[in-house]
Amino acid sequence: TRDCKTSAFLLHTAALIVCLISGAFLPAYYLGNTAKEVAAFTPVYWYVQANSLIRGLQFSDPVMLLDLFKCFGMQLVFGAAFYILAAALQCQREEQ
């Protein structure tokens, strides 16, 4: 249906924009400060940050490990938020 195609188009466009501003397609140092500040509110940003930390990780440095755990924690927070949102939407659909 037309609504389904429109929704899919908007979803894919939004996902590409999030990946672009989060540093998934190009290194974050090419992005401006505003883009980095906005990207911090997306789970892709924290995934990219964790991958960057793992790539240069020295397991003897506790500061880097704390930063890595911060990235993992932020991803868990986003996962929990998306789960709660999906559960709320499901309850709302069942009521209708």
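Placed above this text is the structure.
Now for a look at the structure at hand. Everything numeric in this text was worked out from a predicted model, so none of it was measured.

**A closer look at the packing of helix H3 (residues 43-55) against helix H4 (residues 62-95)**
When two helices pack together, their arrangement is given by the angle between the helix axes and by the axis-to-axis distance. H4 packs onto H3 with a crossing angle of 155° between their chain directions and a minimal axis gap of 9 Å. In terms of their interaxial angle, H3 and H4 are classed as roughly antiparallel. Read as a crossing pair, H3 and H4 show a hand that is left-handed. Side by side, H3 and H4 meet where Pro43, Trp46, Tyr47, Gln49, Ala50, Leu53 and Ile54 of the first sit next to Met64, Asp67, Leu68, Lys70, Cys71, Phe72, Met74, Gln75, Phe78 and Phe82 of the second. In terms of residue class, the contact of H3 with H4 is made up of 13 nonpolar, two polar and two charged.

**Details of a nonpolar patch on the surface**
On the surface, Leu16, Leu20 and Phe25 cluster together into a nonpolar patch covering about 310 Å² of accessible area. Its location among the elements puts Leu16 in helix H1 (residues 2-22). Taking relative accessible area as the criterion, Leu16 reaches 52% and is therefore assigned exposed.

**Some details on the layout of surface pockets**
What the largest pocket holds in volume is close to 170 Å³. If you go around the largest pocket, the residues you meet are Gly23, Leu26, Pro27, Ala28, Tyr29, Val48, Gln49, Ser52 and Arg55.

How each quantity is defined
- Residues numbered from 1 in each chain as written.
- Predicted model: local features only at pLDDT ≥ 70, side-chain atom pairs only at ≥ 80, totals over all residues.
- Heavy atoms only, no water.
- Axes fitted to C-alpha atoms, helices over the stretch in contact; angles between N-to-C directions.
- Helix = DSSP H or I, 4+ residues; strand = E, 2+ residues; numbered from the N terminus.
- Parallel < 35°, antiparallel > 145°, perpendicular 65-115°, else oblique.
- Left-handed = near helix turned anticlockwise from the far one by under 90°.
- Contact = heavy atoms within 4.5 Å.
- Nonpolar A, V, L, I, M, F, W, Y, C, P; charged D, E, K, R; others polar.
- Patch = residues over 30% accessible without salt bridge, like charges linked within 9 Å, V, L, I, M, F, W, Y side chains within 5 Å.
- Areas by Shrake-Rupley, 256 points an atom, 1.4 Å probe, with all protein chains shown as cover.
- Salt bridge = Lys/Arg side-chain N within 4 Å of Asp/Glu carboxyl O.
- Buried < 20%, exposed > 50% of the residue type's maximum accessible area, 1.4 Å probe, protein only.
- 1 Å grid on protein atoms, 1.4 Å probe; cavity = no way out; pocket = protein on both sides within 12 Å on 5 of 7 lines; lining within 4 Å.
- Points joined across faces, edges and corners; volume = space filled by probe spheres on them.

Function cannot be read off these values alone, since they describe shape.
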